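Coordinate inspection notes
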Amino acid sequence: MLCEVCGKNQAFIYYEEKVKHQVRKIHLCRECASKEGISSVFAESYFNISDIITSLSGGVKPDEASGKQAVCKHCGTTYEEFIKSGLLGCCQCYNYLEDSLKPLFRRIHGSTHHTGKAFPNSIKPEVCDDELVDLEEQLKQAVAREEFELAAELRDRLRSLKNQCSPSDLAGTPEKRNNVSDK
Amino acid sequence: MFQISDLFHRVSGWLAQPDKNQSSIVISSRVRLARNLTDFNFTNCNPPEKQDEVIRLIENSLADSKLFAEATLWRLSDLTSVERQFLLERQLISRKLVMNHNYAAVAVERSENFSFMVNEEDHLRLQTIRAGLSLGEAYRIIDTVDSELGDRLNFGFSTRYGYLTACPTNTGTGLRASVMVHLPALVKSKQIRKILPAVSRFNLAIRGIFGEGTDVMGNLFQISNQLTLGKNELETIDNIEQIAHKLIGYEEETRVLLLEDQKRKLPDQIWRAYGTLKYARNLNLTEAMELISLIRLGIDLGIITQVSYSCLNKILLFIHSSHLLLKSGVGSELSHSKVNTMRADFMREELE
């Protein structure tokens, strides 16, 4: 078998990777393998993650009905370019391409909400309303489909989010402290 | 400040002190975080002069910090290609960073307790590696580094999506946690074919390097998380540790069965591997990795007592070509056959 990268030399390494139920396989010769760092015990993934994005986004077509192309007004990255490269252009892409990205997040992660470490300088509660509505809708649908395990998980997340957004939590932010002292 | 040449003769800090309480089946635990500066486009859309600015900004943020007092930042453009390959073999940088070597940098803490790449796919990729199964400890270290940098830099973060990354597969925690496991018995007994699909069902990715034939090169596998959004850091780490414990259990059970089944054959194979490594005059990387795997199994089973884990870990690092070259003071690449001779020479010295 010939190397699948250069197509010239005899393949000597067979590299296999399983991601999200997809198995990717490639045969490489010694030279190409070492060029790609695969000969190292600690080699990183050979496959570009954009392959996965492209395959996962197969069903996600933005603004198809309106015929408009989603584009980031800050860096100019279009949704189409993103699908090709698998990479966004800047932090603002998350705002400008949000409608197209949301279904993708659901497919990749099964979620559209961060629950881990928070960057200390960010303001916490502003998007809670939006999140609450979204979660309530998902909960309703889960109950309708009788997916009770998922429903229970959503209910718990809803509960913790409601706690996060409650006025007691806001007491920590400067504006709220001012309000309290005004009274 | 220290020089890259300070690393040429020594083993990475984490490899030098393997935790004796841990099972030797898990070789290492690695955690990395992806972060971006909110005022710059992501690396793929960031013009060269702005990429330089990112490096300068990050370099400045290292000053006046106790945590970073022992860290040094190197621009990849100031290093030779063998030195870059050396850092790659040592897992301090990635292939992607090497591809962007004109505008990329890496900061390394003196004992390699943590390191970070600048201008990889994301502006910052922080990482730490520990010996054995210690993802929790690895995360604690990198979390501290992240917080210290976060005090000085403005990271892209949204309350909804978490840390904003160039690729949506990292959005959220930006965390990729992985363990490197050595599973020779599961490979030998072909049980691995049943286990791999089961692991990927837990939203984890499993990678192996296959040499000629169907056996995995060195019987080493890497298991890592795939989800970064909707699961917090500790849940993610816990998920991998649970699977790692399961794999350790399966591997240990299979070793007992294998040794019963191959009472004479297995020790013979292990001793032959030892003999070959100790006396060979020409060794390629694949063969060396396979022999090392057998010797590691031999130590685990109490068959080989002449070789320590720390010696084996040193070998595992220094069998790579740039390590061999730089250790011997050779600054440029040599032919495969010359490197194979150097590898065999090194092995004989170590096993003397």
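Predicted model only: the values in this text are computed from it and were never measured.

Rules used throughout
Along each chain, residues carry numbers from 1 onward, in the same order as the chain's sequence is written. Whichever chain is written first is A, and whichever ligand is written first is 1; the rest continue in order. The model is predicted, so local features are restricted to residues of pLDDT at least 70 and side-chain atom pairs to those at 80 or more, both for listing and for counting; the totals for chains, interfaces and linings are taken over all residues. To get the side-chain values, take all heavy atoms of the structure and skip hydrogens and water. Note that domain bounds follow an automatic or database assignment of domains. The contact criterion used throughout is that any non-hydrogen atoms of two residues lie within 4.5 Å. For any pair of parts, buried area is found by adding up, for both, the accessible area (1.4 Å probe) each one loses once the two are put together. Throughout this description, the term salt bridge denotes a Lys or Arg side-chain nitrogen within 4 Å of a carboxyl oxygen of Asp or Glu. Per residue, pLDDT measures the predictor's confidence, with a range of 0 to 100. With axes taken as lines fitted to C-alpha atoms, and helix axes fitted only over the stretch in contact, angles between N-to-C directions fall between 0 and 180 degrees. Strands here are runs of E lasting at least two residues and helices are runs of H or I lasting at least four, both read from the DSSP assignment and numbered beginning at the N terminus. Orientation labels follow simple angle bins: below 35 degrees gives roughly parallel, above 145 gives roughly antiparallel, 65 to 115 gives roughly perpendicular, and whatever is left gives oblique. Ten residue types, Ala, Val, Leu, Ile, Met, Phe, Trp, Tyr, Cys and Pro, are classed as nonpolar, four, Asp, Glu, Lys and Arg, as charged, and the remainder, Gly among them, as polar. Buried means the residue's accessible area, taken with a 1.4 Å probe over protein chains only, is under 20% of the maximum for its type, while exposed means over 50%, and partly exposed covers the values in between. Relevant arc is that of directions from the helix axis to the C-beta atoms, nothing else. Here a crossing is taken to be left-handed if its near helix is turned anticlockwise relative to the far helix by less than a right angle, and right-handed if that turn runs clockwise. Two strands pair if DSSP finds at least two bridges between them. Pairing of aromatic rings covers Phe, Tyr and Trp, the last counted by its six-membered ring, and requires centre-to-centre distances within 6.5 Å; plane angles under 30 degrees mean stacked, over 60 mean edge-to-face, and any other angle means tilted.

On to the domain arrangement of chain B. Residues and elements named next belong to chain B. Domain boundaries assigned for chain B yield domain 1 (4-256) and domain 2 (265-351). The interface of domain 1 with domain 2 comprises 25 residues on the first partner and 27 residues on the second. On the domain 1 side of the interface with domain 2, the three residues burying the most area are Val82, Glu89 and Met217, jointly 25% of the side's total. For the pair domain 1 and domain 2, the interface holds one salt bridge.

Glancing now at the confidence of the model for chain A. Taken residue by residue, chain A gives an average pLDDT of 70. The fraction at 70 or more is 54%. Under a pLDDT of 50 for its full length, residues 123-127 of chain A has, in the predicted model, seven contacts with residues more than four places off or in other chains.

As a further point, take the packing of helix H11 (residues 309-318) of chain B against helix H13 (residues 336-351) of chain B. Residue and element names in this part refer to chain B. Look at H11 against H13: their axes get within 11 Å of each other, and the N-to-C directions meet at 170°. Taken together, the axis directions place H11 and H13 in an arrangement best described as roughly antiparallel. Each of Cys311, Lys314, Ile315 and Phe318 in H11 lies in contact with H13, whose residues at this interface are Phe346, Met347, Glu350 and Leu351. A class-by-class count of the residues in the contact of H11 with H13 yields six nonpolar, no polar and two charged.

Before going further, it helps to examine helix H7 (residues 192-200) of chain B. Turning to H7(B), its buried residues are Ile192(B), Ile195(B), Leu196(B), Val199(B) and Ser200(B). The buried residues of H7(B) occupy an angular sector of 130° when the element is viewed end-on, so they sit on one face.

Helix-helix packing is characterised by the crossing angle of the two axes and by the distance between the axes. All names here are of chain B. Following both chains from N to C, one finds helix H9 (residues 265-279) and helix H10 (residues 285-300) inclined at 130°, their axes separated by 9 Å at the closest point. Relative to H10, the element H9 is oriented oblique. By crossing handedness, the relation of H9 to H10 is classed as left-handed. Taken together, the residues of H10 that come into contact with H9 (itself represented by Leu266, Gln269, Ile270, Ala273, Tyr274, Thr276 and Leu277) are Glu287, Leu291, Ile292, Leu294, Ile295, Leu297 and Gly298. The residue makeup of the contact of H9 with H10, split by class, is ten nonpolar, three polar and one charged.

Attention now moves to the pairing of strand S2 (residues 71-75) of chain B. Residues and elements named next belong to chain B. Of all the five residues making up S2, four are buried; the element is thus mostly covered by neighbouring parts of the structure. For S2 and strand S3 (residues 105-109), the ladder comprises five bridges, and the chain directions are antiparallel. By the bridge assignment for S3, Trp74 is matched with Val106.

Before going further, it helps to spend a moment on the packing of aromatic side chains. Residues and elements named next belong to chain A. Applying the stated criterion across every chain yields a total of 13 aromatic pairs over all chains. A ring pair is formed by Tyr79 and Phe82, whose centres lie 5.7 Å apart and whose planes are at 55°; its orientation type is tilted. Taken together, the positions of Tyr79 and Phe82, both in helix H3 (residues 79-85) and three residues apart, correspond to about one turn of that helix. Each member of the pair, Tyr79 together with Phe82, is buried. When the ring of Tyr94 is compared with that of Phe105, the centres are 6.2 Å apart and the planes differ by 15°; the resulting orientation is stacked. Placement of the pair is Tyr94 in helix H4 (residues 93-96) and Phe105 in helix H5 (residues 98-109), with a sequence separation of eleven residues. For Tyr94, a relative accessible area of 2% corresponds to the buried category.

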